[in-house]
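Results of the structural survey
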Amino acid sequence: MRALVVSVHDVSPLTQASCDKIVQELRGLGIGTASLLVIPNHHGKAPVNTDPGFKEWMTNLVRQGYEPVLHGYYHARSAKPTDTRVTRFTTQFYTAGEGEFFDLGREEAVERLHRGMDDLAFLGRKIYGFVAPAWLLGYEAEAAVRKVGFSYITNVGSVKVFDGVHRYASRSLVWSTRAPWRRIVSLAWNQRLASRLHEKPLLRIGIHPADCEIPAVWSQVKSIITAALQDRQPLSYEKFVADHLEPAHNAQLPNGC
Ligand SMILES: [Zn+2]
């Protein structure tokens, strides 16, 4: 059966209420597992390891089969006076300053990754996946992710496994809701993308906390998931990687797109 991987981005104490609503509504549709992209200290304001309510909520979800994925440390990247025009476009206009791992040095990235893993140690299990905030991962930061021992990373266009298939191309659906014009473009783009990916072995759907607050967006997310569940099995990224992309299995799937 073909696969559906749903990921919930930006999971933190700041977004817990929206993320819980998303998880519950997805469960109502038949999604009982997903990858939860956790920010250990969202914008420096929400340390997960000192928030008992968040820890309990997250621990329960992991026990039920949801996958925790490390999603940066603070998530935000401060603008620098030395930023080029392209860097400013990429990190400010395109992502609203959320590309924490866009140009981190290797040493600093290693330190934040270790700190993130320590902060999520309360979950009592190994974390295999790392997804950079805004999917922006620089060369040095990627080397750090590999060095620290993560098995896979994702970006908007692929899933990359360090010990198996080098890069599995698969475009993720994701909605941009920061401004009305972005929502309109997103709705049209994702509808077309969902049709284009209809026959592909893997369908990836990335959901952000704000998506469930915008009726047109949330309705489209749910309708695409409902259609996908007709002939796709919902999996977390770690399960998809283990079942299809690790060395023993990497001949099973043709490239995604
Ligand atoms: Zn994010």
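Structure shown above.
Remember, predicted model here, so these are calculated numbers, not experimental data.

The subject of this paragraph is the pairing of strand S5 (residues 152–155). Across three bridges, strand S4 (residues 129–131) lies against S5 in parallel orientation. In the strand pairing of S5, phenylalanine 130 is matched with isoleucine 153. Crossover handedness for the path S4 to helix H5 (residues 139–148) to S5: right-handed. Across four bridges, S5 lies against strand S6 (residues 158–161) in antiparallel orientation. In the strand pairing of S6, asparagine 155 is matched with serine 158. Between the antiparallel neighbours S5 and S6 lie two residues.

The coordination sphere of the zinc ion contains the protein donors Asp10 (OD), His71 (NE2) and His75 (NE2), at a distance range of 2.0 to 2.1 Å. Taken in sequence order, the residues that donate to the zinc ion follow the motif D-x60-H-x3-H. Residue class for histidine 71 comes out buried when judged on its relative accessible area of 1%.

Once that is clear, we can look at unusual backbone geometry. In the Ramachandran plot, histidine 43 falls in the positive-phi region, its phi being about 55° despite a non-glycine side chain. Classification of histidine 43 by relative accessible area gives partly exposed; the value is 34%. With a phi angle near 80°, histidine 75 is a residue other than glycine that sits in the positive phi range. Tracing the backbone through its elements, the reader meets histidine 75 in the loop between strand S3 (67–70) and helix H3 (85–93). According to the relative accessible area criterion, histidine 75 is buried, its value standing at 5%.

Under the criterion given, the structure shown has nine salt bridges. Salt-bridge contacts for glutamate 142 lead to lysine 160; the nearest nitrogen and oxygen are separated by 2.5 Å. Linking glutamate 142 in helix H5 with lysine 160 in strand S6, this pair joins segments that are 18 residues apart in sequence. We classify lysine 160 as buried; its relative accessible area is 17%. The structure contains a network of salt bridges with shared partners spanning Glu100, Glu108 and Arg112.

Put simply, the second largest pocket is a space of about 160 Å³. Around the second largest pocket sit Gln191, Ala194, Ser195, His198, Leu203, Ile224, Ala227, Ala228, Asp231 and Arg232, which together line it. For the lining of the second largest pocket, the secondary-structure elements that each account for two or more residues are helix H6 (180–196) and helix H7 (215–228). Of the residues belonging to the lining of the second largest pocket, the class tally is five nonpolar, three polar and two charged.

The next subject is the packing of helix H1 (residues 16–29) against H7. Viewed as axis vectors pointing N to C, H1 and H7 meet at an angle of 35°, and their least axial separation amounts to 10 Å. In this structure, the crossing between H1 and H7 has a hand that is right-handed. Together, Ile22, Glu25, Leu26 and Leu29 of H1 and Trp218, Lys222, Ile225 and Thr226 of H7 make up the contact between the two elements.

Note on placement: threonine 154 falls in strand S5. According to the relative accessible area criterion, threonine 154 is buried, its value standing at 6%. Polar contacts involving the side chain of threonine 154 include one to the side chain of tryptophan 135, which spans 3.2 Å. Not counting residues within four places of it along the chain, the set of residues in contact with threonine 154 comprises Phe130, Val131, Trp135, Val159, Arg204 and Tyr237.

The rules behind these values
- Residues numbered from 1 in each chain as written.
- Predicted model: local features only at pLDDT ≥ 70, side-chain atom pairs only at ≥ 80, totals over all residues.
- Heavy atoms only, no water.
- Pairing = 2+ DSSP bridges.
- Helix = DSSP H or I, 4+ residues; strand = E, 2+ residues; numbered from the N terminus.
- Right-handed = clockwise from strand over helix to strand, strands pointing away.
- Donors = N, O, S within 2.8 Å, 3.2 Å for Na, K, Ca; no water.
- Buried < 20%, exposed > 50% of the residue type's maximum accessible area, 1.4 Å probe, protein only.
- Salt bridge = Lys/Arg side-chain N within 4 Å of Asp/Glu carboxyl O.
- 1 Å grid on protein atoms, 1.4 Å probe; cavity = no way out; pocket = protein on both sides within 12 Å on 5 of 7 lines; lining within 4 Å.
- Points joined across faces, edges and corners; volume = space filled by probe spheres on them.
- Nonpolar A, V, L, I, M, F, W, Y, C, P; charged D, E, K, R; others polar.
- Axes fitted to C-alpha atoms, helices over the stretch in contact; angles between N-to-C directions.
- Left-handed = near helix turned anticlockwise from the far one by under 90°.
- Contact = heavy atoms within 4.5 Å.
- Polar contact = N/O pair within 3.5 Å; in protein donor to acceptor, adjacent residues only side chain to side chain.

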